[in-house]
Amino acid sequence: MFGLFKKKSELEKLQDKYKALMKEWHALSSINRSESDKKYEEADQVLKQIDTLKQ
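All of these numbers come straight from a predicted model, not from anything done at the bench.

Caption draft 1: Region of interest: the nonpolar core. Formed by Leu14, Leu21, Ala43, Val46 and Ile50, the largest nonpolar core amounts to five residues. For this core, the element with the most residues is helix 2 (residues 33–54), which contributes three residues. If sequence neighbours within four positions are ignored, Val46 has contacts with Leu14, Lys17, Tyr18 and Leu21.

Caption draft 2: Representation of the pattern of salt bridges within the structure. For the coordinates displayed, the defined rule picks out five salt bridges. One salt bridge connects Asp16 with Lys8, and the closest N-O pair in it is separated by 2.3 Å. The residue Arg33 makes a salt bridge to Asp37 at a minimum N-O spacing of 3.7 Å. Of this pair, Arg33 and Asp37 both sit in helix 2, four residues apart, which is roughly one turn of the helix. For Asp37, a relative accessible area of 41% gives the class partly exposed.

Caption draft 3: Highlighting the environment of Lys39. With respect to the secondary-structure elements, Lys39 resides in helix 2. Spatially, the C-alpha atoms of Lys39 and Ser29 are 9.5 Å apart, while their sequence positions differ by ten residues. There is a polar contact of 2.9 Å between the side chain of Lys39 and the side chain of Glu24.

Caption draft 4: A look at the environment of Leu11. Mapped onto the secondary structure, Leu11 falls in helix 1 (residues 10–28). Beyond its immediate sequence surroundings of up to four residues, Leu11 is in contact with Ile50, Leu53 and Lys54.

So, how was this worked out
Residues numbered from 1 in each chain as written. Predicted model: local features only at pLDDT ≥ 70, side-chain atom pairs only at ≥ 80, totals over all residues. Heavy atoms only, no water. Core = buried A, V, L, I, M, F, W, Y, C linked by side-chain atoms within 4.5 Å. Buried < 20%, exposed > 50% of the residue type's maximum accessible area, 1.4 Å probe, protein only. Helix = DSSP H or I, 4+ residues; strand = E, 2+ residues; numbered from the N terminus. Contact = heavy atoms within 4.5 Å. Salt bridge = Lys/Arg side-chain N within 4 Å of Asp/Glu carboxyl O. Polar contact = N/O pair within 3.5 Å; in protein donor to acceptor, adjacent residues only side chain to side chain.

Take a look at the structure:
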């Protein structure tokens, strides 16, 4: 109840974005390989941002 209106931290936002990109990547992997590769690259960039925030 108390965390209902709590704003997400930058790390939580990036983790959610990474999870969504990986989901899209997986869906595209069997349909369109080039688009799938682009989504994976985007997810990799987000993962690098997550790593820098954790350090």
